[in-house]
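# What the coordinates show
The residues making up each chain are set out below.
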Amino acid sequence: MQEKPFSGTALTSRVVRVFISSTFRDMQVEREELVKQVFPELRRRCRERQVELVEVDLRWGVTEEQANRGQVLPICLVEIERCRPYFIGLLGERYGWVPDAIPQELIDQEPWLKEHLHHSVTELEILHGVLNNPDMAQRSYFYFRDRAYLDTLPPEQRGDFLSEAPDAQAKLARLKDRIRQSGLPLKEDYPDPRTVGQWILTDLWEAIDQAFPAEEVPDPLAREAAEHEAFALSRAKVYIGRPEYFERLDSYVAGEDKPLVLLGESGVGKSALLANWVRRHRERHPEDLVFLHFLGSTPQSADYVALLHRLISELKARTGDPEDVPVQPDKLREALPLWLAKASAWAGREGRRVILVLDALNQLEDKDNAPDLGWLAEYFPPQVRVVLSTLPERPLTALEKRGWPTFTVAPLDPEEMRRAIPEYLGIYRKTLDAPLVEAIVAAPQAANPLYLKALLEELRVFGIFEELKNRVRHYLAAPDPPALYNLILERLEGDYERDRPGLAGEALSLIWAARRGLTESELLEIMGTEDGPLPRAFWSPLFLALEESLVSRSGLMNFFHDYLRQAVQERYLLAPEAQQAAHLRLAAYFEKRKVDERKADELPWQLHQAQAWEGLRSCLTDLDLFAFLIPEARRYELLGYWLALKKQGHDPVAAYQEALQRYQAQAPGEADLAARIHQVALFFDIRAAYPEALALYQQALALREGVVGPDHPDVALSLNNLAALYHAQGRFLEAEPLHLRSLNIREKVFGPDHPDVAQSLNNLAALYHAQGRFLEAEPLYQRSLAIMEKVLGPEHRNVASSLNNLAEFYRAQGRFPEAEPLYNRSLAIAEKMLGPEHPDVAQSLNNLGVLYGAQGRFPEAEPLHLRSLRIREKVLGPDHPEVAQSLNNLGALYAAQGRFPEAEPLHLRSLHIREKVFGPDNPDVASSLSALAGLYEAQGRFPEAEPLHLRSLHIREKVFGPDNPDVAVS
């Protein structure tokens, strides 16, 4: 077990920690200026650069008892190391506190202290932080106060601003001279605290601006990749090398094609194995594309949509493919096989391999049935290798059905433990006697690497050698990692709550309650008072003790392992009331913040977790916050919040209409108002609140025309959305001129052969088709197809979609011979580009099956519908709307053959899925009701059919209005 540098993608931490060194009594006003004015402004600027700023001032709030216990200096030195290379030194006329003694253990760690036994803590900080380390010169700043400032103070206060004694004055003079001679950045004679605050703001921002220039702010893809690499580094620091495991992974990558699944109990070291194997593989094969994704390691990493978006974006970046990455979840799932095929072809041409490493699938967020892995491709092309890991939960059940090969990471054997214990403690110059080593080796639970590491961490900080045997026995009484962490929490309470009772439990409870973790600044602000954040003098000792148990994800502190989270919950948050209180406390904090991504991510989630329904409604109808929630990445989360609120009697349509009235009363600019109206209209559209959406789309269109002009792509988008709603309502005459105008704008802006033009042509053709204007629709469908083929090539998925549209048009007219080859060609493209088990393939199979059914070719149609259903259930999950479509079509096929007993359960299941997904008043639900009613009619079961027809009619009248063609059908 040894430390090794991680040699993967170069990383630049986007966390700036600044150490502030000063004397105590005479610098309190300066600290106040920094805490309340300077650092909040710096933090605001840093967040615009995707940088998290943390200031470390250990003089703020330090207690006399802490100083007497000798805790201050060791913590200062460690914090200085963590803050390198940022250091601020403030000096006046006071030399500062000189400790009576320096602990021998600290002198052993820092031998230079022997030469400075009677120096102030302030001077020792400056020596350790800067003067003994010339590399600090570019990010260290010193400020000397003008002695004349003392003349502005009341006489009774001046004593706190002067040197403690003549020898202290001489030491201070020598220290200042050494700083002057060092050539380090120095500004002298600041007249007052406000002035030095402005100097520090200017100097620090200049340094940060140079380190993180505006033009180099990483995009979300780069930030996410860096966080995964940082997580890998945390797992690669200390690892017991197991050559046979590396050889198994090497063998798989060199030869096998099916994905390889790593198994093993929690804490056994699967993540560490993958991190270290990737490090070694990159050293040996730098030409390979290795995509590394640790689920649970970053705020977005457990979201399958974010995972797919990141993966496809990485493939696009490495292969140089010009095609856009989709954003909608369904489109991402559908696009994955295509991008894997592209990556495989690129790797084959370049003589490389594409290796995808997905660790901890069991941590997937349970949305869209993601843990059942319907989003994960079943077929991987020749140059792509996939390594997965999981615990025995839903993902493993899904993987077992696929029959992919596995191998198990076993706990440590005794020899590995005997090697690991001294190597790990040796990093910290600590040892254990042989009997104690053997006692640990003999404990079965210590064979779990996570348990062993946590145990050794505890032993290395235990200072009473004579009690070490009892301490080992104490910890080994814990039968598993959660029980061990509970003992560790008990120890932390005893060590770090003397000066601030409840500190450990309070801090860890807040981290537990956070959705994705908290920054240090957020945590200290929440735990502080009206006078300011919690003094770092309380927090830093606990934080340093917890450092190995926490992980930073995009600057957010979270638990290194779920075992610690479990222990925190069981010790501090077992009661539901305690959990709710923690969530409400975080909600209250984020409620006060300005609207940004952090607030949008945490506030509604906290309110939902706390079941604070009125607060959640108020939060979601804040239109500035709503703007962060309506984009595709958060849209399904927003719908989920409203689903919960609707169960409590809250109507989203009325709520947003009221919100828009409040927003308009604030007299915002027309561009902002148009954007908010369009966003609310889109939300209504998604929820099938068509009349309300229509009115808002019209209003947004009028505003946009006034702001950006009549021929802007945004206007074309508004026209398209408005026309689509008219079409859905059967208001064809009103839809047509909007589609024509949208088409005209896009042709004018983009030229005649652009995919957006093809989309407008297809929309206009569909409108004509719905009106029976077949002669006008057909050339538009054909031109749309021709543009797609010309721009994207003959075997693109969008070409397959255009082929399907034209084939559907032919089928609806009974032109079956013309439709069939188009369906077949669409199916062939989808199978070739996307693999045999893709939703696009299922759609093509479904359409071809409907065509055969319409011709009475039932034996040919049935296997197509069955295969389409099987693909959709497997890939999309059993409760997906496309599964409902397949069930309906297969049921209709059976009904057409008089196979009523087989058809009925299919139609019932289709209805159940649609009601579950869309709610009771949705057009798709009306379609399922009509299909089931028709089945009952065919059997003469009229009393059962009638209420279904009536309910279908009621839904369509409610959603579309009384004069819609679908209402006539009902």
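See the structure printed just above.
For the structure given in this document, a descriptive report is provided here. Quick caveat, the model's predicted, so the values are computed rather than measured.

Cut-offs used in this document
- Starting from 1, residues in each chain are numbered consecutively following that chain's sequence as written.
- Note on the predicted model: pLDDT of at least 70 is required for a residue's local features to be given, and 80 or more for side-chain atom pairs to be given and counted; whole-chain, interface and lining totals, by contrast, use all residues.
- As a rule here, side-chain values cover all heavy atoms of the structure and leave hydrogens and water aside.
- Each helix is a run of DSSP H or I of at least 4 residues and each strand a run of E of at least 2, with the numbering of both proceeding from the N terminus.
- Three labels apply to residues, based on accessible area from a 1.4 Å probe with only protein chains included: buried if under 20% of the type maximum, exposed if over 50%, partly exposed otherwise in between.
- Contact criterion: two residues are considered in contact whenever any of their non-hydrogen atoms come within 4.5 Å of each other.
- All accessible areas in this document rest on Shrake-Rupley with a 1.4 Å probe, and a residue is counted as covered only by the protein chains that are shown.
- The span you would expect from a helix comes to 1.5 Å times its residue count less one.
- Directions pointing from the helix axis toward each C-beta atom define the arc.
- Two strands pair under a simple rule: DSSP has to find at least two bridges between them.
- Lines fitted to C-alpha atoms define the axes, with helix axes restricted to the stretch in contact, and inter-axis angles between N-to-C directions lie between 0 and 180 degrees.
- We define a salt bridge as a side-chain nitrogen of Lys or Arg found within 4 Å of a carboxyl oxygen belonging to Asp or Glu.
- Throughout this description, the term nonpolar core refers to a set of buried Ala, Val, Leu, Ile, Met, Phe, Trp, Tyr and Cys residues connected via side-chain atoms within 4.5 Å.

### Notes on the overall build of the chain
A count of helices and strands for the chain gives 43 helices and 14 strands. By its C-alpha atoms, the chain is 105 × 70 × 55 Å across when sized along the principal axes. Here the chain holds 970 residues, and 54% of them are scored as buried. Counted over contacts in the chain with a minimum sequence separation of 6, partners at least 24 positions apart contribute 71%. When the accessible surface of the chain is summed, it comes to about 40,800 Å², and 52% of that surface belongs to carbon and sulfur atoms.

### Regarding helix α23 (residues 576-591)
The end-to-end C-alpha distance of α23 is 22 Å, a good match for the 22 Å that 16 residues give at a rise of 1.5 Å each. Here α23 has its buried residues at Ala582, His583, Leu586, Ala587, Tyr589 and Phe590. Take α23 and look down its axis: the buried residues cluster within an arc of 165 degrees, on one side only. Against α19 (503-513), α20 (520-526) and α24 (597-609) lie the buried residues of α23.

### As for the sheet that holds strand β12 (residues 406-408)
Read across the sheet, five strands follow the order β9-β10-β11-β8-β12 without closing on themselves; strand pairing throughout is parallel. Taken across any chain shown, the strands that pair with only one partner, and hence form the sheet edges, are β9 (289-294) and β12. This sheet shows a mean twist of 15 degrees between the axes of neighbouring strands, independent of strand direction. Where strand β8 (residues 260-263) meets strand β11 (residues 384-389), three bridges bridge the pair, whose relative direction is parallel. The residue of β11 that forms the bridge with Leu262 is Ser389. Against the sheet, helix α11 (residues 304-319) contacts β9 and β10 (354-359), and its axis sits at roughly 165 degrees relative to β9.

### Describing the pattern of salt bridges
This model, assessed by the stated rule, comprises 68 salt bridges. In this structure, Asp209 engages Arg49 in a salt bridge whose closest nitrogen and oxygen atoms are separated by 2.8 Å. Of this pair, Asp209 sits in helix α7 (residues 193-211) while Arg49 sits in the loop between α1 (28-48) and β3 (52-56), and the two are 160 residues apart along the sequence. In this structure, Arg94 and Glu164 form a salt bridge, with 3.5 Å as the shortest nitrogen-oxygen distance. Here the residue Arg94 occupies a position in the loop between β4 (87-91) and α4 (104-109), and Glu164 occupies one in the loop between β5 (140-145) and α6 (166-182), the gap between them amounting to 70 residues. Where salt bridges share partners, they join Arg17, Glu79, Arg82, Glu520 and Arg536 into one cluster.

### As for the pairing of β8
Going residue by residue along β8, you find Leu260 and Leu262 tucked away on one face and Val261 and Leu263 tucked away on the opposite face as well. Inspection of the sheet shows β8 paired to β12 by three bridges, in the parallel sense. Note that in β12 the partner of Leu262 across the bridge is Phe407.

### Topic: the nonpolar core
Of all hydrophobic cores here, the largest spans 250 residues; its most connected members are Trp375, Ile440 and Tyr656. Residue contacts for Tyr656: discarding those within four places in its chain leaves Leu620, Thr621, Leu623, Phe626, Leu638, Trp642, Val680, Phe683 and Phe684. Formed by 33 residues, the second largest nonpolar core is a distinct cluster that contains Phe19, Ile102, Leu172 and Leu184.

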